[in-house]
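Letter by letter, the chains look like this.
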Amino acid sequence: MGKRNAVVVTHRRVRSSGNLVNEAVQQLQTDGFQVDIIDNIEAPEFGQGSQQVSDDTEIVIVLGGDGTILRAAELVKGTKVPILGVNTGHVGFLAEFESFQIGEAIRRVADHDYSIDERMLAHVDLWLPGVDEPISDWALNDMTLERYDRGKMIEVSVRVDDVEMSSFGCDGMIVSTPTGSTAYAFSVGGPIIWPDANSLQMVPIAAHALFARSLIIGPDSRFTLDVLDDSQSAGWICNDGRRQRLVPTGSRVVVRQSEDILRLARLSGVPFTQRLVSKFDLPVVGWREQHKPNQRGVGPGQSEGRR
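Definitions and limits used
Residues numbered from 1 in each chain as written. Predicted model: local features only at pLDDT ≥ 70, side-chain atom pairs only at ≥ 80, totals over all residues. Heavy atoms only, no water. Buried < 20%, exposed > 50% of the residue type's maximum accessible area, 1.4 Å probe, protein only. Helix = DSSP H or I, 4+ residues; strand = E, 2+ residues; numbered from the N terminus. Contact = heavy atoms within 4.5 Å. Core = buried A, V, L, I, M, F, W, Y, C linked by side-chain atoms within 4.5 Å. Salt bridge = Lys/Arg side-chain N within 4 Å of Asp/Glu carboxyl O. UniProt positions renumbered as here; feature names shortened; annotations may be inferred. Pairing = 2+ DSSP bridges. Axes fitted to C-alpha atoms, helices over the stretch in contact; angles between N-to-C directions. Parallel < 35°, antiparallel > 145°, perpendicular 65-115°, else oblique. Left-handed = near helix turned anticlockwise from the far one by under 90°. Nonpolar A, V, L, I, M, F, W, Y, C, P; charged D, E, K, R; others polar. Phe/Tyr/Trp six-rings, centres within 6.5 Å; stacked < 30°, edge-to-face > 60°. Lys NZ or Arg CZ within 6 Å of the ring centre and 35° of its normal.

Participant: Help me understand helix α4 (residues 102-110), please; the structure alone is not making it clear to me.
Facilitator: It helps to recall that an α-helix has 3.6 residues per turn; residues three or four apart then point in one direction. Taken residue by residue, α4 has I102, A105, I106, R108, V109 and A110 as its buried positions. Elements in contact with the buried residues of α4: β1 (4-10), α2 (20-30), β2 (33-38), β3 (57-64), β4 (83-87) and β5 (97-98). Just downstream of α4, H112 is the residue with a positive phi angle, here 55 degrees.

Participant: Honestly, the nonpolar core in this entry has me stumped. Any pointers?
Facilitator: Residues M143, L145, L225, I237 and V253 are the most contacted members of the largest nonpolar core, which totals 28 residues. For I237, the contacting residues outside a window of four places in its chain are F46, V124, L126, M143, T144, L145, R243, Q244, R245, V247 and V253. Core analysis: the second largest hydrophobic core is formed by 23 residues, A24, V86, I102 and A265 among them.

Participant: Teacher, can you tell me more about the pattern of salt bridges here?
Facilitator: Side chains that differ in charge, positive against negative, can pair when their charged atoms come close. The full count for this structure, using the stated rule, is 18 salt bridges. E74 is the partner of R242 in a salt bridge, and the nearest nitrogen-oxygen pair spans 2.8 Å. One end of the pair, R242, is in the loop between β15 (235-239) and β16 (243-247); the other, E74, is in helix α3 (residues 66-76), with 168 residues separating them in the sequence. The salt bridge involving R266 is made with D117; its shortest N-O contact spans 3.6 Å. Of this pair, R266 sits in strand β17 (residues 252-266) while D117 sits in strand β6 (residues 115-127), placing them 149 residues apart in sequence. Taking the relative accessible area as the measure of exposure, R266 reaches 8% and is therefore buried. Look at the salt bridges and you will find they share partners, linking E74, D137, D240, R242 and R243 into a network.

Participant: What is the right way to look at the UniProt feature "active site" (unreviewed entry) in the protein chain in this model?
Facilitator: Residues annotated by UniProt as "active site" (unreviewed entry) correspond here to D66. Tracing the sequence through the fold places D66 in helix α3. The partly exposed category is assigned to D66, whose relative accessible area is 24%. Apart from the residues within four sequence positions on either side, D66 is in contact with G92, F93, L94 and A95.

Participant: Can you help me understand unusual backbone geometry in this one?
Facilitator: A negative phi angle is the norm for most residues apart from glycine, just as the trans form is the norm for most peptide bonds. For H112, which is not glycine, the phi dihedral falls at a positive 55 degrees. For H112, the location among the structural elements is in the loop between α4 and β6. Phi angles above zero are rare outside glycine, and D240 is one such case at about 55 degrees. Within the secondary structure, D240 sits in the loop between β15 and β16.

Participant: Explain the sheet that holds β15 to me, please; I cannot follow it from the model alone.
Facilitator: Strand pairing within a sheet occurs via backbone hydrogen bonds; the two strands may be parallel or antiparallel. Read from one edge of the open sheet, six strands run β13-β12-β11-β8-β15-β16, paired in antiparallel fashion. Taken across any chain shown, the strands that pair with only one partner, and hence form the sheet edges, are β13 (215-217) and β16. Direction aside, the axes of adjacent strands within the sheet are offset by 15 degrees on average. Two strands pair when backbone bridges link them, and strand β8 (residues 142-147) and strand β11 (residues 172-176) are joined in this way by five bridges, in the antiparallel orientation. Bridge pairing in β11 links D142 to S176.

Participant: What exactly am I supposed to notice about the packing of α2 against α4 here?
Facilitator: The relative placement of two packed helices is expressed as an angle between their axes plus a distance between the axes. Between α2 and α4, the least distance of the axes is 10 Å, while the angle of their chain directions is 25 degrees. The orientation of α2 with respect to α4, classified from their angle, is roughly parallel. Two packed elements cross with a definite hand, and for α2 against α4 that hand is right-handed. Here α2 contributes L20, A24, Q27 and L28 to the contact with α4, which in turn contributes I102, G103, I106 and R107. Here the residues of the contact of α2 with α4 are counted per class, giving five nonpolar, two polar and one charged.

Participant: Which parts of the structure should I look at to understand the packing of aromatic side chains?
Facilitator: Geometrically, a pair of aromatic rings is defined through the distance of the ring centres and the angle of the planes. For the structure shown, the criterion picks out three aromatic pairs. Between W194 and F272, the ring centres sit 5.0 Å apart and the planes meet at 70 degrees, which makes this aromatic pair edge-to-face. One end of the pair, W194, is in the loop between α5 (184-187) and β12 (200-205); the other, F272, is in helix α6 (residues 272-279), with 78 residues separating them in the sequence. Over the aromatic face of W138 sits the side chain of R243, whose NZ or CZ is 4.2 Å from the ring centroid.

Right under this line is the structure:
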């Protein structure tokens, strides 16, 4: 039987802070894998492709947080190679296991004991003034179009399927996938979208407008954002917090669903709802329920400690 190939993607800080990376590589090698380690993936320029893993790679194992998974996504974009995330960061929403479970995770990988969760990607076209062809890029989490001049607003026009809906000044706009709905879009008040919803959402950032709500569109629709010619500030576009560039006034950004998908390896059948409750530590029992009298007859103003 030939060698099986795996790529371990991590961060230099993780690699130098303990034995986790060495332990993972040694176990993979014991289980018959040829292992390559990548611990620093420089962000390519917006619209420029990045290096990809070889076609014979069986799996990419990420030891890090969500940011490291976004780096690893650039390695597998356009391939069928799945990513397995092992969280060594903070929230680790995209990760499947925590670092102390690395042994079980690799054993399951070696036994092909995992399923594939397909995540949609966003396709982003940036049309510069006077240019006939767009600069194309993509996003697993989100595309942000923000003001370049931090002291001024960016003036944008918003269209859905070529129908103009609104225009206003703001600090910026976020267009996110369902995967990215728990990231930047969530932090500015956007809704959480379940990963299988197959949709895109747009969330304004500090819009100076009476109507500046989040919008959610289906798989056949697209968002168009025009940076107005008389905008107080040029724009700055950034995909997944990595690939970025200046957006001059008069530019247009079109975001739609990509034909490509990203594959995440899943080792458990835990539903997204459970992951949401766990990662965000949601208060399953609300404060009103906590203050209700219990079934043993403790009345208002009493407690178990005073009986």
